[in-house]
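Architecture and fold: a report
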Amino acid sequence: IPNICQPLQTQEGHKLKVQPTVLRLQDVFTVEWDDITLGEGDKIAVHAPPDNPRYLYAQYVTKEHLKETDLNFTYNLLNIRQNIQFKYHKKVRKEFEMIATSVVVCTDQHIPLSPRLSLETTHDKMSLMWITGAMVPDAAVYYGEVPTALTQKVAASNKTYTVRDFGVCHSRKKPNYSKDYFIPPGQIFTAIMTDLKPLTKYYYRCGSKALTGGLSEVRSFYTGSEEGFDFSWIAFGDLGTQNWDEMKRFPSWWVADKSELTTDRLNEQIAPFDEQKEDKPLWRFLLHVGDIAYAIGFAQRWDMFHWQVRKIARSVPYMVAEGNHDVDGYDSEGECGIPYRYRFRTPLAPLPYYSINYSYMH
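Let me sum up the structure you'll find in this document.

Cut-off values and rules
Residues numbered from 1 in each chain as written. Predicted model: local features only at pLDDT ≥ 70, side-chain atom pairs only at ≥ 80, totals over all residues. Heavy atoms only, no water. Helix = DSSP H or I, 4+ residues; strand = E, 2+ residues; numbered from the N terminus. Buried < 20%, exposed > 50% of the residue type's maximum accessible area, 1.4 Å probe, protein only. Phe/Tyr/Trp six-rings, centres within 6.5 Å; stacked < 30°, edge-to-face > 60°. Lys NZ or Arg CZ within 6 Å of the ring centre and 35° of its normal. Pairing = 2+ DSSP bridges.

1. Side note on unusual backbone geometry
Here the residue pair Q19 and P20 is connected by a cis peptide bond, since its omega of -5° sits within 30 degrees of zero. With respect to the helices and strands, the residue P20 is situated in the loop between β1 (17-19) and β2 (22-23). Cis geometry is adopted by the peptide bond preceding P49, which originates at A48 and carries an omega value of -5°. If you check the backbone angles, I296 has positive phi at about 40° while not being a glycine. On the secondary structure map, I296 appears in the loop between β19 (286-289) and α4 (300-308). Residue I296 is classed as buried on the basis of its relative accessible area of 4%. A positive phi angle, near 55°, is found at S359, a position not held by glycine. Mapped onto the elements of the fold, S359 is located in the segment after α7 (338-343). Residue S359 is classed as buried on the basis of its relative accessible area of 8%.

Rendered as C-alpha cells:
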C-alpha cells in the first residue's frame, strides 16, 4: 500500500512557501515570503490541524523574532499525527485577520512513532509500544538475534482514548486544559515479545509491512535475568518537559531546555548501544518514578516527551510509576491518568503497581 504523503510539486496561489511539504517523524521547516511585511503584533503561526483556530504547536514568529531583512523563518516540528499549515495573522486593533497561508503539509499517519520497551513479570518476555496516526493493517513487531533475520513475529493489539474519556475527571481549574487542548493520540499499539533468552541482545522492527514506509528502523535491546549478575540502572522522578516556573506560561511555551540537561546526558550514554557500536547498554533499565511529562493537559507535551526520551525508551526498558501530575485531577489539569495509563505499560497492567526480580534485586 503506497504512502499517501508525497512531496508537492507546486505551491502556486500561496504567499507563504514552505519546505519540505511532508512531515515524517521530525523535521525543520523553512517558511519564506517576499511580499509580506510583518507589523507589530502580527504572527506567522503553525496550525495543527489546519482548520483549528488555536496555535496547537504553540509556535509562531512575530516581528520581534526577525531582522528587517529576513524573508524566512524556520520551525522545528514533530509528527503529532495532524496535517499542519502555516498562516499569517495580521493584528487589527484587538483582533487578528488571516491574510496568507502556506500549502497544507502532509503528516505521515502510518509511520511508527515513539517505540518504547517495558519489562514484563518474567525475563523471557519484553513488551513494546508505539503509536501511529491512523489504524494500520497487520501491525506487529518482528524480532530475532540477527538484525537481518527477524524471524519471530508477534501481532500487536491497539487502543486509543478520546476527549470524552476526560469526562470522568474534574479539575477545579477552569478552563479544563485536557479537554480544551486535546488532540487525538492516534492508535497506541502494544506487542509482547516472548521466548527470549536471558542476557541476550535482540533486534526488532515494529509497524506494518503492508505499508510503504510502515516499519520502524531496526533497533535492539538486551534481556535481563533473575540469575545474579552485576548491572547498573537509572532512577529519577519529576522530569517532565519544563520546570514549574516555565509551566506558568502555559500554553504558549514548549522548549524543554531544562529537562534536556538530564535526557541529553542519558541519550549520550545510551548512544553507543542505540547506534549498534556496543553489544550491551551501559545500564539495563530506567525507572521514572512519577510526574512523567508534566503535560498538564497540553496534549502535545506527551509527544514532546516521547521524542525527548526516544533513544532511551527504544533501547532499554523505560519503566514508570504514576505521580500526582499524571493522575490527580487538580494537579494534572484534568488528565486524571488517562494519557499516562494508555501510553505506558507496566508488568501487572492494568494494575497501577508492580514488582519485578532483576538479578540480585527485587
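2. Examining the packing of aromatic side chains
Enumeration over the complete set of coordinates arrives at 20 aromatic pairs. Plain terms: the ring middles of W233 and F285 are 5.4 Å apart, the flat faces sit at 25° to each other, and that makes the pair stacked. A residue pair is termed long-range when its members are at least 10 positions apart, and W233 in the loop between β17 (219-222) and β18 (234-236) and F285 in the loop between α3 (260-274) and β19 qualify at 52 residues. Accessibility expressed as a relative area gives 35% for W233, which makes it partly exposed. Classification of F285 by relative accessible area gives buried; the value is 4%. The structure contains a cluster of three or more aromatic residues connected by ring pairs, namely F229, F231, W233, F285 and Y358. Here K209 stacks its cationic end above the ring of Y142, 4.2 Å away from the centre of that ring. Above the face of the W307 ring, R310 is positioned so that its terminal group lies 3.7 Å from the ring centre.

3. Some details on the pairing of strand β3 (residues 26-32)
For a regular strand, side-chain orientation follows a simple rule: the groups alternate between the two sheet faces. Here β1 pairs with β3 via 3 bridges, running antiparallel. Bridging across to β3, Q19 finds its partner in T30. Where β3 lies against strand β6 (residues 72-78), 7 bridges are found, and the strand directions are antiparallel. Within the sheet, the bridge partner assigned to E32 lies in β6 and is N72.

The analysis is restricted to geometry; functional conclusions fall outside its scope.
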